[in-house]
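Each chain is listed here by its residues.
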Amino acid sequence: MPGGAARTGVVPPGGLGLLGLVRHAAEVERSWFQVVGNGERVRAHWPGKSHGTYAEFDATGADPDEAFTSWHTACARSRALVAAATSLARTPTGATGHSPGATSSPT
């Protein structure tokens, strides 16, 4: 799909498009595995205009190559973290509010 078509909103009236979803997938991958799962302090790829907001869904003028590269990089980092983990049941303090060494309960 050409970059211009990927930027076009496909879900009215919000304008959500495929490129916005790719950018969102990159942010979710990065935040869950690096921030929540590994306790890293990393900045959002596409921060919003005000603190605590995000702009990944707004793909106006976005670069498809940058979005896909960010997503692929985040996925590769996630795979490396999972491969190096001794247990996936323990998470450091992160966005979930778990305390260090807290065991997540199965759902």
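Scroll up to find the structure.
Model, not experiment: these values are computed from the prediction. (Residues numbered from 1 in each chain as written. Predicted model: local features only at pLDDT ≥ 70, side-chain atom pairs only at ≥ 80, totals over all residues. Heavy atoms only, no water.)

**Student:** Can you lay out the side chain of Ser-70 for me, pointing to particular residues and giving the numbers?
**Tutor:** Residue placement: Ser-70 occurs in helix α3 (residues 64-84). With a relative accessible area of 11%, Ser-70 lands in the buried category. Those residues within four positions of Ser-70 in sequence are excluded, and the remaining contacts are Ala-26, His-45 and Trp-46. (Helix = DSSP H or I, 4+ residues; strand = E, 2+ residues; numbered from the N terminus. Buried < 20%, exposed > 50% of the residue type's maximum accessible area, 1.4 Å probe, protein only. Contact = heavy atoms within 4.5 Å.)

**Student:** Could you give me a rundown of the packing of helix α2 (residues 18-36) against α3, with the residues and numbers involved?
**Tutor:** Between α2 and α3, whose axes approach to 9 Å, the crossing angle comes to 25 degrees. Considered as vectors, α2 and α3 are oriented roughly parallel to each other. By crossing handedness, the relation of α2 to α3 is classed as left-handed. When α2 is examined against α3, the residues Leu-19, Val-22, Arg-23, Ala-25, Ala-26, Glu-29, Arg-30, Phe-33 and Gln-34 are found in contact with a partner set consisting of Pro-64, Ala-67, Phe-68, Ser-70, Trp-71, Ala-74, Cys-75, Arg-77, Ser-78, Leu-81 and Val-82. Here the residues of the contact of α2 with α3 are counted per class, giving 13 nonpolar, three polar and four charged. (Axes fitted to C-alpha atoms, helices over the stretch in contact; angles between N-to-C directions. Parallel < 35°, antiparallel > 145°, perpendicular 65-115°, else oblique. Left-handed = near helix turned anticlockwise from the far one by under 90°. Nonpolar A, V, L, I, M, F, W, Y, C, P; charged D, E, K, R; others polar.)

**Student:** Mind laying out the environment of Leu-19, listing which residues take part and the relevant values?
**Tutor:** Relative to the elements of secondary structure, Leu-19 occurs in helix α2. Between the alpha carbons of Leu-19 and Phe-57 there is a distance of 7.8 Å; along the sequence they are 38 residues apart.

**Student:** Tell me about α3, and please be specific about residues and values.
**Tutor:** With 21 residues, α3 should reach 30 Å at 1.5 Å per residue; the first-to-last C-alpha distance of 30 Å fits that figure. All buried positions along α3 are accounted for by Pro-64, Ala-67, Ser-70, Ala-74, Cys-75, Ser-78 and Leu-81. All buried residues of α3 lie within an arc of 135 degrees about the axis, which places them on one face of the element. Counted as exposed and oriented over 90 degrees from the buried face of α3: Asp-65, Arg-79, Ala-83 and Ala-84. Capping the start of α3 is the job of one residue whose side-chain oxygen sits 3.0 Å from the backbone nitrogen of Asp-65: Asp-63. (Expected span 1.5 Å × (residues − 1). Arc of directions from axis to C-beta. Polar contact = N/O pair within 3.5 Å; in protein donor to acceptor, adjacent residues only side chain to side chain.)

**Student:** Tell me what's going on with a nonpolar patch on the surface, and back it up with residues and numbers.
**Tutor:** Taken together, the side chains of Val-28, Trp-32, Phe-33, Val-82 and Leu-88 define a hydrophobic patch exposed on the protein surface, amounting to about 460 Å² of accessible area. The dominant element in the nonpolar patch, judged by the number of residues it contributes, is α2, at three residues. Turning to its location among the elements, Val-82 is positioned in helix α3. (Patch = residues over 30% accessible without salt bridge, like charges linked within 9 Å, V, L, I, M, F, W, Y side chains within 5 Å. Areas by Shrake-Rupley, 256 points an atom, 1.4 Å probe, with all protein chains shown as cover. Salt bridge = Lys/Arg side-chain N within 4 Å of Asp/Glu carboxyl O.)

**Student:** For the side chain of Glu-27, give the residues involved together with the corresponding values.
**Tutor:** One can find Glu-27 in helix α2. Side-chain polar atoms of Glu-27 contact the side chain of Arg-30, separated by 2.7 Å. With residues near it in sequence (within four places) discarded, Glu-27 still touches Ala-44, His-45, Trp-46 and Glu-56.

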